[in-house]
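Tertiary structure, described
Spelled out from the first residue to the last, the chains are:
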Amino acid sequence: MMTERNLVIIGGGPAGLAAAKAAYDCGERDILILERENELGGILNQCIHNGFGLHTFKEELTGPEYAQRYIDEVIKRNIEYKLASTVLNVSRDKIVTYVNAKDGVGVVKAKAVILACGCRERPRGAINIAGMRGAGVFSAGTAQRLVNIEGYLPGKEVVILGSGDIGLIMARRMTFEGAKVKAVIELMPYSSGLNRNIVQCLNDFNIPLKFSHTVVEIKGKDRVEGVVVAAVDEKLRPIMQTAELIPCDTLLLSVGLLPENELAKGAGVSLSPVTGGAVVDENMMTDVDGVFQCGNVLHVHDLVDFVSAESENAGRCAAEYINGKVCAAQKIPVKTVNGVRYCVPQYLCADGVYEPISLKMRVAGVYKKVELTVRADGVKIYGKKRPVVAPGEMENIALNAEQVKALKQAKEIVISLEGGEARA
C-alpha cells in the first residue's frame, strides 16, 4: 500500500537531521526520515575525537555530541523517523521504496525528496595495488569503527595510504591505542586533509608523512607482512628504483570518498563528473523537479558545520517548494576556470530573488598569493586575496544580495584564481 507524505528525507546523519529541523522550522510538519542504520547520527557516532561544532555551536564537541544536538532537536519537534530502513529506489516522480523489518516493503509518494545519503570510502580494488588478499587491509573508516565502537585493534604496526582527514585522524587514534604508525604515504605532493590535522595528528606524534609516494605492493599471504613504497614522478608513475619495504601488519586506506549516489542515478538526476554528486542550483534542487540534495552525497565537505549549514538551506528550500514556490526554468551556469575545480551550486536561478548565498568550491592544486574572484559578464563582483589555497580545504564565498543580483542578471558567471607567483 502506498502512503503519501509531503517531505521524505533519505539519511539520518548530520545532513538529514539538519534538513529536517530547518524544514520543520519553515512550517512543514509532514516529514519522514529514513535511516538505514540502527540509530540516528550517521558517521558522527564513530568520530569520538573533538573539533566539531566550532562554527555551528561556538564550542568544541565530539562527533556523538554534535549529532546528539541535532537528534534532540528532531525529537523535540516530534519529526517521524524510521531506523534500520534501507531505501531501495527513488523514482523520477518521487516515489520512494524502502524495506525494514516492521513494514516489510514500504512505498511512499512524496511531494519533495531530500537525498542526504552521505558518502563511502574508495576501496582497495579501485587503486589496483598488487599483492595477495591477506588479512590486515582496512579502509580508515572501517578501522575507526572497529576501534571506537566495536573495541577491536586492527593491528599493531600500521602504514596508512592517503592523507585524507580520516587517515590522519586514525594515525593519531591508532597511536593512542598503542599501535606503531610507521608512515603516512601520500601520492600527491600535497595533503588532501586539513593542515590542522597534519599538525595535531602527525607532527605532534612524530609520524612521518611521505609526499609523492605510493604503495606499489602488499607483502604477505595470510596476513599483511609489509608494504613496498616507492616515489612517483610528475605523472604519478612509480619510480621502482626508489622502492623500499616497510614491515607492518596492517595497511589502512584513506584514498578518497565517493558520494552515495545510486538512488540519485535511479531517479535520473544529472551528476557532476568532478564531485560525483548531483548538479544543483542555489536552492539545492537537482534537475529533477522536487528532488534536493545536500551534505557529503552532494560533495565531500571538510567540516560537519558546513554540512549542517548547507543542509538547513536544502530543508528550507524543500519546505518552500512544497508550499508552492516555483523555481525559475532558466538557470545560469557557474563556470570554474584557472585552478578552480568545481563550484556548488553549479547553477543560479534567473529569477528576481536576490538573497545572500554561499558558493563552495575546491582548487586543483596548491597556489600561493592568489585572488579568488567571481565575475559577471567579465566584471569582477567579488574578490578575496589568499596567501595560499590547497585542495584539502574547501573555499567558501559568501555573497550579499547586491552581488547575487549582479550575478542573476548576467549571462555568464565565472569563478577563477587570478595572479599568483607559485604553484606547488
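In this report, we go over the structure that sits alongside the text. (Residues numbered from 1 in each chain as written. Predicted model: local features only at pLDDT ≥ 70, side-chain atom pairs only at ≥ 80, totals over all residues. Heavy atoms only, no water.)

Sheet topology places strand E6 (residues 86-90) next to strand E7 (residues 95-100); 4 bridges connect them, and they run antiparallel. Pairing of Thr86 across the sheet is with Val99, part of E7. Two successive antiparallel strands, E6 and E7, enclose a turn made up of 4 residues, where Lys94 displays a positive phi of approximately 65°. (Pairing = 2+ DSSP bridges. Helix = DSSP H or I, 4+ residues; strand = E, 2+ residues; numbered from the N terminus.)

We now examine the sheet that holds strand E15 (residues 213-219). To summarise the sheet geometry, strands pair through backbone hydrogen bonds and adopt either a parallel or an antiparallel arrangement. The strand order E10-E15-E16-E17 describes an open sheet built from 4 strands, whose pairing is mixed. Edge positions in the sheet fall to strand E10 (130-131) and strand E17 (244-247), since each has one partner strand and no second. Summarising the sheet, strand E16 (residues 226-231) and E17 pair through 4 bridges and their orientation is antiparallel. Within E17, the position partnered with Val229 by the bridge is Glu244.

It is worth spelling out the nonpolar core at this point. Counting 61 residues, the largest nonpolar core has Leu7, Ile10 and Val90 as the members making the most contacts within it. At 8 residues, the largest contribution of residues to this core is made by helix H7 (residues 304-322). Within the second largest apolar cluster, 25 residues are counted, among which are Cys343, Val363, Tyr382 and Leu417. (Core = buried A, V, L, I, M, F, W, Y, C linked by side-chain atoms within 4.5 Å. Buried < 20%, exposed > 50% of the residue type's maximum accessible area, 1.4 Å probe, protein only.)

Before going further, it helps to examine the pattern of salt bridges. Overall, the coordinates contain 28 salt bridges when judged by the stated rule. Across the salt bridge formed by Asp281 and Lys331, the nearest N and O atoms sit 2.8 Å from each other. Taken together, the positions of Asp281 in the loop between helix H6 (262-266) and strand E20 (291-293) and Lys331 in strand E21 (residues 331-337) put the pair 50 residues apart, joining distant regions of the chain. In this structure, Asp302 and Arg362 form a salt bridge, with 2.6 Å as the shortest nitrogen-oxygen distance. With Asp302 in the loop between E20 and H7 and Arg362 in strand E24 (residues 357-363), this residue pair connects regions lying 60 residues apart in the sequence. Of the two residues, Asp302 and Arg362, both sit in the buried class. (Salt bridge = Lys/Arg side-chain N within 4 Å of Asp/Glu carboxyl O.)

Now for helix H4 (residues 165-176). The α-helix advances 3.6 residues per turn, and as a result positions three or four apart in sequence lie on the same side. Here H4 contains 12 residues, and its C-alpha end-to-end distance of 17 Å stays within 8% of the 16 Å for a straight helix at 1.5 Å per residue. When you tally the buried positions in H4, you get 9 out of 12 residues, the bulk of the element. Turning to H4, its buried residues number three or more, namely Asp165, Gly167, Leu168, Ile169, Met170, Ala171, Arg172, Arg173 and Met174. Where H4 is buried, its residues touch helix H3 (140-150), strand E12 (157-161), strand E13 (180-185), helix H5 (195-202) and strand E18 (250-253). (Expected span 1.5 Å × (residues − 1). Contact = heavy atoms within 4.5 Å.)

Time to look at the state of the cysteines. Under the definition given, this model contains 0 disulfides. Among the cysteines around Cys47, which has no disulfide bond, Cys119 carries the closest sulfur, lying 11 Å off. Since its relative accessible area comes to 9%, Cys47 is described here as buried. Between Cys201, a free cysteine, and Cys47, which holds the nearest cysteine sulfur, the sulfur-to-sulfur gap is 12 Å. Residue class for Cys201 comes out buried when judged on its relative accessible area of 0%. (Disulfide = S-S within 2.5 Å.)

We now examine helix H8 (residues 401-408). Of all the residues in H8, the buried ones are Gln403, Val404, Leu407 and Lys408. Axial view of H8: buried residues confined to an arc of 130°, hence all on one face. Measuring from the side-chain oxygen of the N-cap residue of H8 to the backbone nitrogen of Glu402 gives 3.2 Å; that N-cap residue is Asn400. (Arc of directions from axis to C-beta. Polar contact = N/O pair within 3.5 Å; in protein donor to acceptor, adjacent residues only side chain to side chain.)

On to the pairing of strand E25 (residues 367-376), then. The buried fraction of E25 amounts to 7 of the 10 residues, a majority that puts the element mostly inside the structure. Across 9 bridges, the pairing between E25 and strand E26 (residues 379-389) is antiparallel. Paired with Thr373 across the strands is Gly383, a residue of E26.

Strand order in the open sheet made by the 5 strands is E11-E18-E12-E13-E14, with parallel pairing throughout. Every interior strand has two partners, whereas the edge strands, strand E11 (137-139) and strand E14 (209-210), have only one. Across the sheet, H3 lies against E11 and E18, angled at about 90° from E11, the strand it touches most. (Axes fitted to C-alpha atoms, helices over the stretch in contact; angles between N-to-C directions.)

Moving on: the packing of H3 against H4. Contact geometry of H3 with H4 gives a least axis separation of 9 Å together with a crossing angle of 35°. Of the two possible hands of crossing, H3 and H4 adopt the one that is left-handed. Residues Ala140, Gly141, Ala143, Gln144, Val147 and Asn148 of H3 lie in contact with H4, whose contacting residues are Ile166, Gly167, Ile169, Met170, Arg173 and Met174. Of the residues contributing to the contact of H3 with H4, the split by class is 7 nonpolar, 4 polar and 1 charged. (Left-handed = near helix turned anticlockwise from the far one by under 90°. Nonpolar A, V, L, I, M, F, W, Y, C, P; charged D, E, K, R; others polar.)

Before going further, it helps to examine the environment of Gln330. One can find Gln330 in the loop between H7 and E21. For Gln330, the residues in contact, after removing those within four places along its chain, are Leu348, Cys349 and Ala350.

Residue Pro345 is bonded to the preceding Val344 through a cis peptide linkage, with omega at 10°. Phi angles above zero are rare outside glycine, and Asp377 is one such case at about 50°. The residue Asp377 is located in the loop between E25 and E26 in this model. A residue is classified by how much of its surface remains accessible, and Asp377, at 45% relative accessible area, is partly exposed.

The values are spatial; any link to function lies outside them.
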